[in-house]
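Spelled out, the chains give:
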Amino acid sequence: MRMNRRMRKRQFYLARKYALILLAVIIATGAAVSLNGISAKAGDLPAEDASSCAYLQIKSYKSMRLEPGDTLWGIALEHKGSRYASAQDYIDEVMEINGLTSDRIHADRYLTIPYYE
């Protein structure tokens, strides 16, 4: 009788252990499938979509020295690219990045501007 009780206890312990391992494998497989489903690469997209996917571009910043005659509008037209709806949106971001309260800029100063690669 004592041996039977020990055997049942051991079987219960092993069954619980295997159930937990199975559960962990199911969760890991589900996570892997989910992550694979939401990741996208340019090579996975049709050719007409790959070039127009803005989220595949990397946003970077550079510092530029202002020259006489530079304006925020001119800088926006030169550097905004297709990621911004308008030059004004780009100017607003440049002003925020640089802590500008006015659109007046001065030669020989530096301005941090965003761009996409």
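The structure displayed is predicted, hence computed values, not measured ones.

A. Focus on the overall build of the protein. When helices and strands are counted, the protein shows 4 helices and 2 strands. Classification of the 117 residues of the protein by burial places 16% in the buried group. Within the protein, residue pairs in contact and separated by at least 24 positions form 58% of the contacts whose partners lie at least 6 positions apart. For the protein, the accessible area works out to roughly 9,400 Å², and carbon and sulfur atoms hold 56% of it.

B. Representation of the nonpolar core within the structure. Counting 14 residues, the largest nonpolar core has Leu 72, Ile 75, Tyr 90, Val 94, Leu 111 and Ile 113 as its most contacted members. For this core, the element with the highest residue contribution is helix α4 (residues 87-98), accounting for 5 residues. The contacts of Ile 75, once residues within four sequence positions are left out, are Met 64, Leu 66, Lys 80, Tyr 90, Ile 105, Leu 111 and Ile 113.

C. Representation of the pattern of salt bridges in the model. Going through the model one piece at a time under the given rule, you end up with 2 salt bridges. Across the pair Glu 93 and Lys 59 runs a salt bridge, and its minimum N-O distance is 2.4 Å. Placement of the pair is Glu 93 in helix α4 and Lys 59 in strand β1 (residues 59-65), with a sequence separation of 34 residues. We classify Glu 93 as buried; its relative accessible area is 16%.

D. Spatial organisation of the packing of aromatic side chains. Tallying each qualifying case throughout the model produces 2 aromatic pairs. Taken together, the ring pairs in this structure connect Tyr 84, Tyr 90 and Tyr 116 into an aromatic cluster. When the ring centre of Tyr 115 is taken as origin, the NZ or CZ atom of Lys 62, which lies over that ring, is 5.5 Å away.

E. Here's a closer look at unusual backbone geometry. Phi angles above zero are rare outside glycine, and Asp 108 is one such case at about 70°. Looking at the secondary structure, you find Asp 108 in the loop between α4 and β2 (110-116).

F. Representation of the packing of helix α3 (residues 72-79) against α4 in the model. Close contact between α3 and α4 brings their axes to 9 Å; oriented N to C, the two are set at 110°. As the angle between them shows, α3 and α4 are arranged roughly perpendicular. Once α3 is placed against α4, the crossing between them reads as right-handed. Contacts between α3 and α4 involve Leu 72, Trp 73, Ile 75, Ala 76, Leu 77 and His 79 from the former and Ala 87, Gln 88, Tyr 90, Ile 91, Val 94 and Met 95 from the latter. A per-class count over the contact of α3 with α4 returns 10 nonpolar, 2 polar and no charged.

G. Seen up close, the confidence of the model for the protein. When the pLDDT values of the protein are averaged, the result is 82; 79% of them are 70 or greater. Ranking the helices and strands of the protein by mean pLDDT puts α4 first, with 93, and helix α2 (residues 47-50) last, with 50.

Rules of the game
- Residues numbered from 1 in each chain as written.
- Predicted model: local features only at pLDDT ≥ 70, side-chain atom pairs only at ≥ 80, totals over all residues.
- Heavy atoms only, no water.
- Helix = DSSP H or I, 4+ residues; strand = E, 2+ residues; numbered from the N terminus.
- Buried < 20%, exposed > 50% of the residue type's maximum accessible area, 1.4 Å probe, protein only.
- Contact = heavy atoms within 4.5 Å.
- Areas by Shrake-Rupley, 256 points an atom, 1.4 Å probe, with all protein chains shown as cover.
- Core = buried A, V, L, I, M, F, W, Y, C linked by side-chain atoms within 4.5 Å.
- Salt bridge = Lys/Arg side-chain N within 4 Å of Asp/Glu carboxyl O.
- Phe/Tyr/Trp six-rings, centres within 6.5 Å; stacked < 30°, edge-to-face > 60°.
- Lys NZ or Arg CZ within 6 Å of the ring centre and 35° of its normal.
- Axes fitted to C-alpha atoms, helices over the stretch in contact; angles between N-to-C directions.
- Parallel < 35°, antiparallel > 145°, perpendicular 65-115°, else oblique.
- Left-handed = near helix turned anticlockwise from the far one by under 90°.
- Nonpolar A, V, L, I, M, F, W, Y, C, P; charged D, E, K, R; others polar.
- pLDDT = per-residue confidence, 0-100.

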